[in-house]
Amino acid sequence: MDRAILLLSVMCLGVSSQPITDSQRLFSTAVSRVQHLHLLAQRFFSEFESSLQTEEQRQLNKIFLQDFCNSDYIISPIDKHETQRSSVLKLLSISYRLVESWEFPSRSLSGGSGPRAQISPKLTDLKMGIMLLIKANQDVPEIFTDTSTLQLAPYGNYYQSLEADESLRRTYELLACFKKDMHKVETYLTVAKCRLSPEANCTL
């Protein structure tokens, strides 16, 4: 999947000789921002995993596979075929909701300085960029009529005082879900951007 996203990005940059539109510039900026966030998510998750014992990794991964991310309540394509059939506006709408769902949980990822301190402001910038793209591509005044009132709870009791084992599980869950969701947004925005190039093959 990661390789497919890279190929789509290259094709979107090179297939058209027509002047770059404002919408294409916005898409390029949004894709670049989410790619950076996805790389940060992969890095933080890998660093956390490497700090665990082998048995801890195995147990946490087993639990995570049986659990759900909060953002799973956001209806999104179930596979690459549905992603390809989805409209640009639908992909933008889902991407917006996924990014928005991380505004509160990201505070626990942004502690300290360095790369972690970049997460919250970069999510805000990405959210604003996606909203501009939605406004530029929508044909109706309101596209969130059926989902805008859905409120996602924080990640369980993550912000409460937890036992050591429970805190470990919640941290693993938070980082794994963040990585998963940034990968989703990167995929959706890359496919949506590719649609602006009629000659491009946007197959995942």
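An unreviewed UniProt entry lists the protein under the name Somatotropin, from Xiphophorus maculatus. Here the protein is described in UniProt, under the heading Subcellular location (unreviewed entry), as follows: "Secreted". Quoted verbatim from the Sequence similarities (unreviewed entry) field of the UniProt record, the comment on the protein reads "Belongs to the somatotropin/prolactin family."

A.B. asks: Go over the overall build of the protein with me, naming the residues and quoting the values.
C.D. replies: Regarding its fold elements, the protein presents 7 helices and 0 strands. Its helices and strands taken in sequence order, the protein reads α-α-α-α-α-α-α from the N to the C terminus. In the protein, buried positions account for 41% of the 204 residues. Here the contacts in the protein between residues at least 6 apart in sequence split such that 81% fall between residues at least 24 apart. Working note: accessible area of the protein is about 11,400 Å², and carbon and sulfur atoms make up 53% of it.

A.B. asks: Which residues make up the packing of helix H5 (residues 88-100) against helix H6 (residues 119-137), and what values go with them?
C.D. replies: It is at 9 Å that the axes of H5 and H6 come closest, and there the two elements cross at 155 degrees. Taken together, the axes of H5 and H6 are roughly antiparallel relative to one another. Crossing of H5 against H6: the hand is left-handed. When H5 is examined against H6, the residues Val 88, Leu 89, Leu 92, Ser 93, Ser 95, Tyr 96, Val 99 and Glu 100 are found in contact with a partner set consisting of Leu 123, Leu 126, Lys 127, Ile 130, Met 131, Leu 133, Ile 134 and Asn 137. A per-class count over the contact of H5 with H6 returns 11 nonpolar, 3 polar and 2 charged.

A.B. asks: Got a sec to walk through the nonpolar core? Specific residues and values, please.
C.D. replies: By size, the foremost hydrophobic cluster in this structure holds 42 residues, and its most contacted members are Leu 92, Trp 102, Leu 123, Leu 126, Ile 130, Phe 178 and Leu 189. Among all residues touching Leu 126, those that are not within four sequence positions of it are Ala 30, Arg 33, Val 34, Leu 37, Val 99, Val 185 and Leu 189.

A.B. asks: Lay out the environment of Ser 86 with the relevant residues and their values.
C.D. replies: Among the structural elements, Ser 86 can be located in the loop between helix H4 (80-85) and H5. According to the relative accessible area criterion, Ser 86 is buried, its value standing at 4%. In this structure, the C-alpha to C-alpha distance between Ser 86 and Tyr 188, residues 102 residues apart in sequence, is 9.3 Å. Once residues within four sequence positions are removed from consideration, Ser 86 is found in contact with Pro 77, Leu 91 and Arg 195. A polar contact is formed between the side chain of Ser 86 and the backbone oxygen of Glu 82, at a distance of 2.7 Å.

A.B. asks: Can you tell me about the packing of aromatic side chains, naming the residues and giving the values?
C.D. replies: Counted by the stated rule, this structure contains 3 aromatic pairs. The interplanar angle of 55 degrees and the centroid separation of 6.5 Å between the aromatic rings of Phe 48 and Tyr 172 together place this pair among those described as tilted. In this pair, Phe 48 is assigned in helix H2 (residues 22-50) and Tyr 172 in helix H7 (residues 164-194), connecting sequence segments 124 residues apart. Neither residue differs from the other here; Phe 48 and Tyr 172 are each classed as buried. Put simply, the rings of Phe 45, Phe 48 and Tyr 172 pair up and form one aromatic cluster.

A.B. asks: Can you break down the side chain of Lys 184 residue by residue, with the values?
C.D. replies: Following the sequence through the fold, Lys 184 ends up in helix H7. In this structure Lys 184 touches Asp 72, Ser 76 and Leu 98, once residues within four positions along its chain are discounted.

A.B. asks: An account of the packing of H2 against H6 is needed here, citing residue identities and associated values.
C.D. replies: Two elements in contact, H2 and H6, have axes separated by 9 Å at closest approach and are oriented at 150 degrees. Judged by the inter-axis angle, H2 sits roughly antiparallel to H6. As H2 runs across H6, the sense of the crossing is left-handed. Packed against H2, whose contacting residues are Ser 23, Leu 26, Phe 27, Ala 30, Arg 33, Val 34, His 36, Leu 37 and Phe 44, the element H6 presents Ile 119, Lys 122, Leu 123, Asp 125, Leu 126, Leu 132, Leu 133 and Asn 137 at the interface. Within the contact of H2 with H6, the residues separate by chemical class into 11 nonpolar, 3 polar and 3 charged.

A.B. asks: Describe H6, naming the residues involved and giving the relevant values.
C.D. replies: A rise of 1.5 Å per residue sets the reference length of H6, with its 19 residues, at 27 Å; its end C-alpha atoms lie 27 Å apart and thus fit the reference within 8%. Ile 119, Leu 123, Leu 126, Lys 127, Gly 129, Ile 130, Leu 133 and Ile 134 are the residues of H6 that are buried. Down the axis of H6, the buried set is contained in an arc of 170 degrees. They therefore lie on one face. Exposed residues pointing more than 90 degrees away from the buried face of H6 are listed as Met 128, Lys 135 and Ala 136.

What counts as what
- Residues numbered from 1 in each chain as written.
- Predicted model: local features only at pLDDT ≥ 70, side-chain atom pairs only at ≥ 80, totals over all residues.
- Heavy atoms only, no water.
- UniProt positions renumbered as here; feature names shortened; annotations may be inferred.
- Helix = DSSP H or I, 4+ residues; strand = E, 2+ residues; numbered from the N terminus.
- Buried < 20%, exposed > 50% of the residue type's maximum accessible area, 1.4 Å probe, protein only.
- Contact = heavy atoms within 4.5 Å.
- Areas by Shrake-Rupley, 256 points an atom, 1.4 Å probe, with all protein chains shown as cover.
- Axes fitted to C-alpha atoms, helices over the stretch in contact; angles between N-to-C directions.
- Parallel < 35°, antiparallel > 145°, perpendicular 65-115°, else oblique.
- Left-handed = near helix turned anticlockwise from the far one by under 90°.
- Nonpolar A, V, L, I, M, F, W, Y, C, P; charged D, E, K, R; others polar.
- Core = buried A, V, L, I, M, F, W, Y, C linked by side-chain atoms within 4.5 Å.
- Polar contact = N/O pair within 3.5 Å; in protein donor to acceptor, adjacent residues only side chain to side chain.
- Phe/Tyr/Trp six-rings, centres within 6.5 Å; stacked < 30°, edge-to-face > 60°.
- Expected span 1.5 Å × (residues − 1).
- Arc of directions from axis to C-beta.

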